[in-house]
Amino acid sequence: MAQNEIHDPEIKSQTSSQSVETNNTKSKPSSLETQMSTTSTMIPTTSWFTPKRLLALFCVINLLNYVDRGAIASNGVNGSRGTCTEGGTCTSGTGIQGDFNLNNFEDGVLSSAFMVGLLVASPIFASLAKSVNPFRLIGVGLSVWTVATLCCGFSFNFWSISVSRMLVGVGEASFISLAAPFIDDNAPVSQKTAWLAIFYMCIPTGYAIGYVYGGLVGSYIGWRSAFWIESVLMLPFAIAGFVMKPLQLKGLVPADSEKVLVPGTPLSEVSVMDTSNGKDESLSLKAEFSDKNSVDHSKSNSAAKMYDQFSRFFNDMKELLGDKVYVVNVLGYIAYNFVLGAYSYWGPKAGYNIYHMTDADLIFGGITIVCGILGTIAGGLVLDFMSNTLPNAFKLLSITTFIGAAFCFGAFLFRSMYGFLVLFAIGELLVFATQGPVNYVSLHCVKPSLRPLSMAISTVAIHIFGDVPSSPLVGVLQDCINNWRTTALILTSILFPAAGIWFIGIFLHSVDRFNEDDEQQESNVEGSSTMPLLQVNAGEISTSTQSQEP
C-alpha cells in the first residue's frame, strides 16, 4: 500500500481537484432533471389547467355521459307503446318507444347499439393514443358524441336512432379509455385512488340525475329536447379539446408537438414546416428533391404506417394479456360486474316480487345512488390511507367484496323488508368501495404507455363477459326456477368467486410500474427530435444550466 501512495504535491493537488469536480458533476442535476423531479404533474406551467381543474372538467364530462345513459332509460324519454283495450279504447304511446312503435326487443337493442359502439371503438382510441395526442383524441370523441346526441333528437325511425346511439358509444369510447390515465398522472401521489374514486363516483350520480332529467324534460317539452340539450351542454367541452393547449400522457411521446433541432442531429433528419397549410409534414430535405416518386412513396408509407399500427397493437395486447396481475384484476372485475349489471336491471322487480315493495324503483334507485357515491369515495380514501400499493389494493378488493357479498346474501334471506333494506344497503356500500382500487390496479400494474389500452380492454371485458350477458341469463334462470328469492341468492353468490379471484392477486408478484418508462424517456430526450414531455424549451434548459454553473 505504501508503494502506491502519491508523494508529488502537484499531482496530488491535480487529482484532488479532479475528484472534487467529478463529485460536483454527479451531485449537480441538469435543469431538465430538476424540472422533471420537482414537477408533480404532467401539466405544463404555461397551461390554464391545474390538476384540480382537470379533475373537475373530466368529472363534468363523465357526469354528462352517464346523464345520457340514465335519460334514455327514463320513462320520460324511453316511454311506452300505445295500448288498446278489448273494448276498443286505445291510448297513444309516449317517448321513443311510443313514437316509433318499438317492441321490447327493439327497445333493448338501443342499449346494445350504444354498447357496440363503445366496445368496438375503445381499443381503437387506446391504440391511436401512441401516435396521436390523447387530449386531441378526447376532443374528437366528444365531437362525435355531440353530433350523435343531436342526431338522436332528429331520428325518424328505429334504425336512425340505433345508428345514432352507436355513434354516441363511439364518442364516449375515447373519453373512457383516456380520462383515467390523465387523472392518474396529475393526482397527488398520496391521493391517487381518492381522485379516481371521485371520477368514478360520477357514474351512479350521472345515472340518477339522468333518470330525473329525462323524466322532467321528456314529460314537459318532449324526449327529443332531452338529447338536444345534452348536445348543447357537451359542445363547449368538445371545442375545448381542440382549442386548448393539449396535455400529454406519461409514457407517450408527444405526437403533435413541433420538432426541434437537437445538437448532433443530422441535417437530413430535420423536419420542415409546410407554411401553406400550417401542418408539420415531417419531410426530410432529401425527400424534397424526389417529387417524381412522391405518390408511390406516400402509398407505401401509408401502408407501412398501417402495418406498424396493427403490429404495435398486437404486441401491446400480447404484453397486456401476459401480465398475470392485470388478468387476475380484470377476471375479478368481470365477475363483480356480472352481479351489479343484473342487480341494476332485475333488482326492482325482484324486490317487488319478494317483499311486495310498492315503490321498488325508487327504493332500489335511492340505495344505489347513496351507497354508490359514499362507497366509491370511501374505497379510494381507505386505500390511500393504507398506502396505495397493488397488494393493498387487492386486499381491499377481496375483503370488501367478500363482506359485502355476505351482507347482500343475508339480506335476501331476510323475511322482513326492513331487515332486507338495512343489510342490502350495507352490502352495496362495501361492494361499491371497489371502484377506485380496481381501476388503480389496472393503471399501475402496466407501464404508462399501456394504460389507455389497459383501461379500454378492461371496459370491453367487463361489459362483454359481465353486465351484457348477465341480465338475459338471470332472466332464463328465473324462468326455469320461478322463484325470485332463489334467483337473487344464486346471483349474489357470484360475488364470492370475485372476492376469491382478487384474493389471489395479493400473492402475485406485483410491481407498481407507474415510473417504468421514465428511464427510457430520459435516455431518449438527448437524441430525440421531439420536445420533452413537459414541453420545456431548449433555450430555457441551456439558460438554466448556465445559471447553475459556478
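Everything here concerns the structure above.
Computed from a predicted structure; not experimentally measured.

Undergrad: Help me understand the environment of Thr459 in this model?
TA: Assignment of secondary structure puts Thr459 in helix H18 (residues 451–481). Sequence separation between Thr459 and Leu118 is 341 residues, and the spatial gap between their C-alpha atoms is 8.9 Å. Here Thr459 is in contact with Leu118, Leu119 and Ile176, once residues within four sequence places are set aside.

Undergrad: Whenever I open this one, the pattern of salt bridges confuses me. Can you help?
TA: In this structure the tally under the stated criterion is nine salt bridges. Of the charged contacts in the structure, one is a salt bridge between Lys192 and Asp184, with a shortest N-O distance of 3.9 Å. One exposure class covers both Lys192 and Asp184, and it is buried. A salt bridge links Glu319 to Arg513; its shortest N-O distance comes to 3.7 Å. Here Arg513 lies in the loop between helix H20 (495–505) and helix H21 (516–525) and Glu319 lies in helix H12 (residues 294–321), a separation of 194 residues in the sequence. Salt bridges sharing partners connect three or more residues here, namely Asp184, Asp185, Lys192 and Arg451.

Undergrad: Even after reading the chapter, I still don't get the nonpolar core, so can you show me in this structure?
TA: Across soluble globular proteins, nonpolar side chains show a tendency to be buried alongside one another. Residues Phe58, Ile96, Tyr336, Phe420 and Phe424 are the most contacted members of the largest nonpolar core, which totals 122 residues. At 17 residues, helix H13 (residues 324–355) tops the list of elements feeding residues into this core. Looking at which domains feed residues into this core, each of domain 1 (51–79 + 95–249) and domain 2 (316–515) supplies at least three. In this structure Ile96 touches Ile72, Val77, Asn78, Asn101, Leu102, Leu110, Ile161, Trp223 and Phe227, once residues within four positions along its chain are discounted.

Undergrad: Sorry if this is basic, but what is going on with helix H10 (residues 223–243) here?
TA: One turn of an α-helix holds 3.6 residues; hence residues three or four places apart share an orientation. For H10, spanning 21 residues, the distance from its first C-alpha to its last is 32 Å, which sits close to the expected 30 Å at 1.5 Å a residue. Within H10, burial applies to Trp223, Ser225, Ala226, Phe227, Glu230, Ser231, Met234, Phe237, Ala238, Ala240 and Gly241. Those residues of H10 that are buried lie in contact with helix H3 (51–73), helix H4 (75–78), helix H5 (95–99), helix H7 (134–154), helix H8 (158–186) and helix H9 (192–220).

Undergrad: How do you make sense of the packing of H13 against helix H19 (residues 484–493) when you look at a structure like this?
TA: Between two packed helices, what matters for the description is the angle formed by their axes and the separation of those axes. Axis separation between H13 and H19 bottoms out at 10 Å; the angle between their running directions is 160°. The orientation of H13 with respect to H19, classified from their angle, is roughly antiparallel. Classified by chirality, the crossing of H19 by H13 is left-handed. Between H13, through Phe338, Val339, Ala342, Tyr343, Trp346, Lys349, Ala350, Asn353, Ile354 and Tyr355, and H19, the contact on the second element is made entirely by Trp484, Arg485, Leu491 and Thr492.

Undergrad: Where do I start with the packing of aromatic side chains in this structure?
TA: The geometry of an aromatic ring pair comes down to the distance between the two centres and the angle between the two planes. Inspection of the entire model under this criterion finds 24 aromatic pairs. Taking the centre distance of 5.6 Å and the plane angle of 70° together, the rings of Phe313 and Phe314 count as edge-to-face. Through pairs of rings, three or more aromatic residues link up here, namely Phe58, Phe135, Phe175, Phe182, Phe199 and Tyr200. If you follow Lys192 out to its NZ or CZ, it ends over the ring of Phe514, 4.4 Å from the centre.

Undergrad: What's the story with H19 in this structure? I'm lost.
TA: With seven of 10 residues buried, H19 lies mostly within the body of the structure. Of the surrounding elements, those touching the buried residues of H19 are H13, helix H15 (390–413), H18 and H20. The backbone nitrogen of Arg485 has a side-chain oxygen 3.1 Å away, supplied by the residue at the start of H19, namely Asn483.

Undergrad: Quick question: what am I supposed to make of empty space enclosed by the protein here?
TA: It is the rolling of a water-molecule-sized probe over the atoms that shows where space remains empty. Scanning the model with the defined rule gives three cavities of 30 Å³ or more in all. If you trace the largest cavity, you find 13 residues lining it, with Tyr343, Trp346, Ala350, Ala488 and Leu491 closest to the centre. Listed by contribution, the elements that provide at least two residues to the lining of the largest cavity are H13 and H19. When the residues that make up the lining of the largest cavity are grouped by side-chain class, the tally is 11 nonpolar, two polar and no charged. In this model, the second largest cavity occupies a volume close to 70 Å³. In this structure, the second largest cavity is lined by Leu57, Phe58, Ile61, Phe135, Ile138, Leu142, Phe237, Ala240 and Gly241. Going through the elements one at a time, H3, H7 and H10 are the ones with two or more residues in the lining of the second largest cavity. By residue class, the composition of the lining of the second largest cavity is eight nonpolar, one polar and no charged.

Undergrad: I keep staring at a nonpolar patch on the surface and nothing clicks. Help me out?
TA: Taken together, the side chains of Tyr211, Val212, Leu216, Tyr220, Ile221, Ile229 and Leu233 define a hydrophobic patch exposed on the protein surface, amounting to about 740 Å² of accessible area. Elements with a contribution of two residues or more to the nonpolar patch: H9 and H10. With four residues, H9 is the single largest residue contributor to the nonpolar patch. Secondary-structure assignment places Ile221 in the loop between H9 and H10. A relative accessible area of 53% means that Ile221 is categorised as exposed.

Undergrad: I would appreciate a short explanation of the environment of Val77 in the present structure.
TA: Structurally, Val77 is set in helix H4. Spatially, the C-alpha atoms of Val77 and Ser225 are 9.4 Å apart, while their sequence positions differ by 148 residues. In this structure, Val77 is in contact with Ala71, Ile72, Gly95, Ile96, Gly214, Trp223, Ala226 and Phe227, ignoring residues within four places of it in sequence.

Undergrad: So what exactly am I meant to see when it comes to unusual backbone geometry here?
TA: Note: most peptide bonds trans; most residues except glycine with negative phi. With a phi angle near 50°, Asn101 is a residue other than glycine that sits in the positive phi range. Judged by its relative accessible area of 48%, Asn101 is partly exposed. Although it is not a glycine, Asn482 sits at a positive phi angle of roughly 50°. Its place among the elements puts Asn482 in the loop between H18 and H19.

Undergrad: Mind showing me how you'd approach the side chain of Ser442 here?
TA: For Ser442, the location among the structural elements is in helix H17 (residues 435–444). When near neighbours in sequence (up to four residues on either side) are disregarded, Ser442 contacts Tyr326, Asn329, Ser454, Met455 and Ser458.

Calculation notes
- Residues numbered from 1 in each chain as written.
- Predicted model: local features only at pLDDT ≥ 70, side-chain atom pairs only at ≥ 80, totals over all residues.
- Heavy atoms only, no water.
- Helix = DSSP H or I, 4+ residues; strand = E, 2+ residues; numbered from the N terminus.
- Contact = heavy atoms within 4.5 Å.
- Salt bridge = Lys/Arg side-chain N within 4 Å of Asp/Glu carboxyl O.
- Buried < 20%, exposed > 50% of the residue type's maximum accessible area, 1.4 Å probe, protein only.
- Core = buried A, V, L, I, M, F, W, Y, C linked by side-chain atoms within 4.5 Å.
- Domains from an automatic or database assignment.
- Expected span 1.5 Å × (residues − 1).
- Axes fitted to C-alpha atoms, helices over the stretch in contact; angles between N-to-C directions.
- Parallel < 35°, antiparallel > 145°, perpendicular 65-115°, else oblique.
- Left-handed = near helix turned anticlockwise from the far one by under 90°.
- Phe/Tyr/Trp six-rings, centres within 6.5 Å; stacked < 30°, edge-to-face > 60°.
- Lys NZ or Arg CZ within 6 Å of the ring centre and 35° of its normal.
- Polar contact = N/O pair within 3.5 Å; in protein donor to acceptor, adjacent residues only side chain to side chain.
- 1 Å grid on protein atoms, 1.4 Å probe; cavity = no way out; pocket = protein on both sides within 12 Å on 5 of 7 lines; lining within 4 Å.
- Points joined across faces, edges and corners; volume = space filled by probe spheres on them.
- Nonpolar A, V, L, I, M, F, W, Y, C, P; charged D, E, K, R; others polar.
- Patch = residues over 30% accessible without salt bridge, like charges linked within 9 Å, V, L, I, M, F, W, Y side chains within 5 Å.
- Areas by Shrake-Rupley, 256 points an atom, 1.4 Å probe, with all protein chains shown as cover.

Purely geometric stuff here, so don't read any function into it on its own.
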